[in-house]
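Residues per chain, in single letters:
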Amino acid sequence: MNDQADAEELDGVAELVHELGYLPLAIEQAAAYLHQNQLSPRAYLDLLTKHPAAMYDQAAHGAAAERTVSRIWRLTLDRLSDNPLAGQLLRIFAWYGPEPIPRSLFDDLAPIPQLQQALGCLAAYNMITLEKTAITVHRLVQAVARIPHHNDPHRQPANLDTARSYATDLLLGALPKEAEFPESWPTWRTLLPHIIALSNQVHPSSDTYDSVHLFNYAAIFLLDQGAITPALGYLERAYHAAERILGSDHPNTLNSLNNLAHAYQVAGDLDHAIQLHEQTLKNRERILGSNHPNTLQSRNNLACTYRAAWDLEHAIPLHERALAEHDQILGSNHPETLTARDNLAYAYQMAGDLHRAISLHERTLADRELTFGSDHRFTLQSENNLALTSSGRKSGPRHLHVRAHPTQA
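Cut-offs applied
Residues numbered from 1 in each chain as written. Predicted model: local features only at pLDDT ≥ 70, side-chain atom pairs only at ≥ 80, totals over all residues. Heavy atoms only, no water. Core = buried A, V, L, I, M, F, W, Y, C linked by side-chain atoms within 4.5 Å. Buried < 20%, exposed > 50% of the residue type's maximum accessible area, 1.4 Å probe, protein only. Helix = DSSP H or I, 4+ residues; strand = E, 2+ residues; numbered from the N terminus. Pairing = 2+ DSSP bridges. Axes fitted to C-alpha atoms, helices over the stretch in contact; angles between N-to-C directions. Parallel < 35°, antiparallel > 145°, perpendicular 65-115°, else oblique. Left-handed = near helix turned anticlockwise from the far one by under 90°. Contact = heavy atoms within 4.5 Å. Nonpolar A, V, L, I, M, F, W, Y, C, P; charged D, E, K, R; others polar. 1 Å grid on protein atoms, 1.4 Å probe; cavity = no way out; pocket = protein on both sides within 12 Å on 5 of 7 lines; lining within 4 Å. Points joined across faces, edges and corners; volume = space filled by probe spheres on them.

## As for the nonpolar core
Counting 63 residues, the largest nonpolar core has L89, L90, F93, Y96, F106, L122 and I195 as the members making the most contacts within it. Put simply, the parts of the chain that give this core at least two residues each are α7 (84-93), α8 (112-124), α10 (157-174), α11 (185-201), α12 (209-224), α13 (228-246), α14 (251-266) and α15 (270-287). Ranked by residue count, the leading element in this core is α12, at 10 residues. Counting 18 residues, the second-largest nonpolar core is a separate cluster that includes A315, L318, A340 and A357.

Written out as structure tokens, the structure is:
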């Protein structure tokens, strides 16, 4: 056999073995199928991607039918039929990644004794690996468990849809809602692989209302971590799902649009960000009214984006109006009002009007000390802002701590 033939015969081997989760039974089954049908590993991988149900259920001619992966899975659940929670759990696990899944994620799914019994049964049949704080599931078991099969009572489409909904809800309920705090990051990093796996396994047309929330929260965390490209992908998906499910005028759809605009600003695509912030502001004014807090937020966000683009001719009047409205509607000491005042001070500073900038920073510092205390991070931020401005330095967008704010949709 020449070198080219050798290369063709081995093309896709590594990817195929990885897709099969390095499970000896699955690799043996695939090798027999390749030999019988004279296929390359790459061709088999393509079939597995396009027709997973058929391929996982097939054995090569002459191989024992009971040795196919999907039949082993079914026989195991048949033996566990007196514990339906075990099958439900396995179908939920199927939507997550092969990384360790926190056991605490399922604490409210069923009474603890029943939950422990179901997990113990699955572990006893080697369907999962059970540790003190985590559960791991072989990727091939997951792949089989989420593929609908009308002849398999454990993989009926309705049951898989229910499991997918549970998988989404459980992740959503476990998320730390304040992504910017470092103490929340270990939890985020544990859950993020499972959010990624869920999003990869579910077609966007099947996204639900809870998916919108899940992807918005995940995207805000990713933005804070500097992962802009995946964050944009999740926010685009969340917005389109919200638009499809709720309609373009629903407040939560507008929240998703606001978050998407914020992400484009962080990405440096300021023209796109301005366009989306203008659209959000216009729609929030029409639907929620000029005095609604979300409308005030949108005006502030649009002003911040103009400011980031050094378009101070548009930014300063918007910031001035935003501050006046925050003062009138929320009160002069409200945290959002203090942020709006800070933003206007930044704009004045960028324009070289240091006198007005210093005056606003001084007032903001005094109010934050009164509202939050002298050691709060917002107060310390104000001290820093005042010091920088008093030193006579003009600040560009790289110095701006407060920009357009995402909305927790």
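## Focus on the sheet that holds strand β2 (residues 129-130)
Taken in spatial order, the three strands make up an open sheet running β1-β3-β2, and their pairing is antiparallel. Of all the strands in the sheet, the pair left with one neighbour each is β1 (101-102) and β2.

## Topic: the packing of helix α18 (residues 335-350) against helix α19 (residues 354-372)
Contact geometry for α18 and α19: axes closest at 8 Å, N-to-C directions at 160°. Taken together, α18 and α19 sit at an angle that is classed as roughly antiparallel. As α18 runs across α19, the sense of the crossing is left-handed. Across the interface between the two elements, P335, L338, T339, R341, D342, L344, A345, Y346, Y348 and Q349 from α18 touch L354, R356, A357, L360, H361, R363, T364, D367, R368, T371 and F372 from α19. Residues of the contact of α18 with α19, tallied by class, amount to 10 nonpolar, five polar and six charged.

## Some thoughts on empty space enclosed by the protein
With the rule as written, the count across this model stands at two cavities of 30 Å³ or more. Taken as a whole, the largest cavity spans an internal volume of roughly 60 Å³. Forming the boundary of the largest cavity are R164, S165, T168, L198, S199, V202, S206, D207, T208, S211, F215 and R237. Broken down by element, the lining of the largest cavity gets its largest block of residues, three residues, from α10.

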